[in-house]
Amino acid sequence: MAAMLKERAIAKLKKEIIDKNGLPVMSPTALKLACLEHDGYETPELNDKLFLHFKGFRTIENLAPYSALKTLFLESNGLGQISGLETCINLRSLYLQQNGITKIEGLDKLVNLKSLNLSQNRLVKVQNLQCLVQLETLNLGKNSLAGSDALAGLLECPTITNLDVTSNDLEDTSILEEVLTKMPVLSCVYLKGNGLVRKTKHYRKFMITNMPRLAYLDDRPVFEIERVASEAWAKGGAEAEREARQSYNQAQNDKDRQQRINFKKWKAERRATKAAEIALAKAE
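The following paragraphs examine the structure supplied in this document.

What counts and what doesn't
- Residues numbered from 1 in each chain as written.
- Predicted model: local features only at pLDDT ≥ 70, side-chain atom pairs only at ≥ 80, totals over all residues.
- Heavy atoms only, no water.
- Helix = DSSP H or I, 4+ residues; strand = E, 2+ residues; numbered from the N terminus.
- Buried < 20%, exposed > 50% of the residue type's maximum accessible area, 1.4 Å probe, protein only.
- Contact = heavy atoms within 4.5 Å.
- Areas by Shrake-Rupley, 256 points an atom, 1.4 Å probe, with all protein chains shown as cover.
- Lys, Arg positive; Asp, Glu negative; His and termini not counted.
- Charge placed at Lys NZ, Arg CZ, Asp CG, Glu CD.
- Phe/Tyr/Trp six-rings, centres within 6.5 Å; stacked < 30°, edge-to-face > 60°.
- Axes fitted to C-alpha atoms, helices over the stretch in contact; angles between N-to-C directions.
- Left-handed = near helix turned anticlockwise from the far one by under 90°.
- Nonpolar A, V, L, I, M, F, W, Y, C, P; charged D, E, K, R; others polar.
- Polar contact = N/O pair within 3.5 Å; in protein donor to acceptor, adjacent residues only side chain to side chain.
- Core = buried A, V, L, I, M, F, W, Y, C linked by side-chain atoms within 4.5 Å.

Re the overall build of the chain
Scanning the chain from terminus to terminus reveals six helices and nine strands. By its C-alpha atoms, the chain is 85 × 70 × 25 Å across when sized along the principal axes. Each of the 284 residues in the chain was classed as buried or not, and the buried ones make up 38%. Long-range pairs, those at least 24 residues apart, make up 39% of the contacts in the chain between residues at least 6 apart in sequence. Accessible surface computed for the chain: about 15,800 Å², of which carbon and sulfur atoms make up 51%. Averaged over its 41 positive side-chain charges, the chain has a centre that lies 5 Å from the centre of its 35 negative ones.

Set out below in structure tokens:
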């Protein structure tokens, strides 16, 4: 019975969320309906997640009552700009991918935001990130970022650790040295699909040697042996790299051998201790 009543309520609400032109509107009714469809609460303040993706919304509005939101899904709508988020001060994750957004703006109050997805929009440069003092993950893949200053705005947000700018129009190789290598905690970078990758000689070695914290680049992790080899290459070329790899492998083999010796020694000591305990117990 409860399920049937819920379905009737949803059906009724669906008739009230279209404007006079037949377009979906992010009205209080539409927000309430979204909550009900995803097992949320009718009382706005009780919801910490709001699923508003694939709704066809053109504008972000009427979110003021949803003061407890921590995650907001707004991907795949018809949004042309970021606005209406001033009261969402508790947001941790914001998903705005697959819209028509042309400028990063309207995020001034989101000081608790940790993850922002703006991939597949129409952005041409990074800007207005200085307010996001806790931002760690930023996805800007498949936009229209181009020019030597397109990523300069990233330096306004030194907390970013994970960055995705794949499949943009970044051609100027100076971006690597003047922006990415200056980001203090950046450890995971996705750059594939940009011309600067192809234009940078020894691209992967360059990135590893100039970014000590780099742990993941494009399609694979940066393992310790690769870092050791790259740093040796930067100092002495290919020959130094080969020697570094050989030394590293030898050191690892020696370490593994010593661990096996130590383990065997520990087992022998345990057996001897156990035998002594048994002998003592029998003597008593």
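Past the structure itself, the notes keep going.
Here's the deal with the packing of aromatic side chains
The full count for this structure, using the stated rule, is four aromatic pairs. Residues phenylalanine 51 and phenylalanine 73 carry aromatic rings whose centres are separated by 4.8 Å and whose planes lie at 5° to one another, so their mutual orientation is stacked. Of this pair, phenylalanine 51 sits in strand E1 (residues 49–51) while phenylalanine 73 sits in strand E2 (residues 71–73), and the two are 22 residues apart along the sequence. The class for phenylalanine 73 is buried, based on a relative accessible area of 17%.

A word on unusual backbone geometry
Leave glycine aside and you will find that most residues have negative phi; peptide bonds, for their part, are mostly trans. Within the chain, phenylalanine 54 stands out as a residue other than glycine whose phi angle is a positive 55°. Tracing the backbone shows phenylalanine 54 in the loop between E1 and E2. The backbone phi angle of asparagine 128 is positive, close to 60°, even though this residue is not glycine. Within the secondary structure, asparagine 128 is located in the loop between strand E4 (115–117) and strand E5 (137–139).

Here we look at the side chain of arginine 227
By the secondary structure assignment, arginine 227 is in helix H6 (residues 224–283). If near-sequence neighbours (up to four positions away) are discounted, arginine 227 is found in contact with Ile208, Met211, Pro212, Arg213, Leu214 and Val222.

Description of the packing of helix H5 (residues 203–210) against H6
In contact at an axis separation of 8 Å, H5 and H6 are set at 115° when each is read in the N-to-C sense. Between H5 and H6 lies a crossing whose hand is left-handed. In this structure, H5 uses Arg204, Lys205, Ile208 and Thr209 to contact H6, whose residues at the interface are Glu226, Arg227, Ser230, Glu231, Trp233, Ala234 and Glu241. Residues that form the contact of H5 with H6 fall into these classes: three nonpolar, two polar and six charged.

Some words on the side chain of asparagine 99
Relative to the helices and strands, asparagine 99 resides in the loop between strand E3 (93–95) and E4. Judged by relative accessible area, which is 10%, asparagine 99 ranks as buried. Here glycine 78 takes part through its backbone nitrogen, which lies 3.5 Å from a polar atom of the side chain of asparagine 99. Here asparagine 99 is in contact with Leu74, Glu75, Ser76, Asn77, Gly78, Leu79, Gln120 and Asn121, once residues within four sequence places are set aside.

Focus: the environment of asparagine 262
Looking at the element boundaries, asparagine 262 is found in helix H6. Put simply, asparagine 262 and leucine 91 are 171 residues apart on the chain and 51 Å apart in space, counted from C-alpha to C-alpha.

Digging into the nonpolar core
Judged by nonpolar contacts, the single largest core of 62 residues is most densely connected at Leu63, Leu154 and Leu180. Of all the elements in the fold, those that place two or more residues in this core are helix H2 (28–37), helix H3 (174–178), helix H4 (195–199) and H5. The biggest single contributor to this core is H2, with four residues. With residues up to four places along the chain from it excluded, the contact list for leucine 180 reads Leu151, Leu154, Leu163, Ile175, Leu186, Val189, Leu191, Met207 and Met211.

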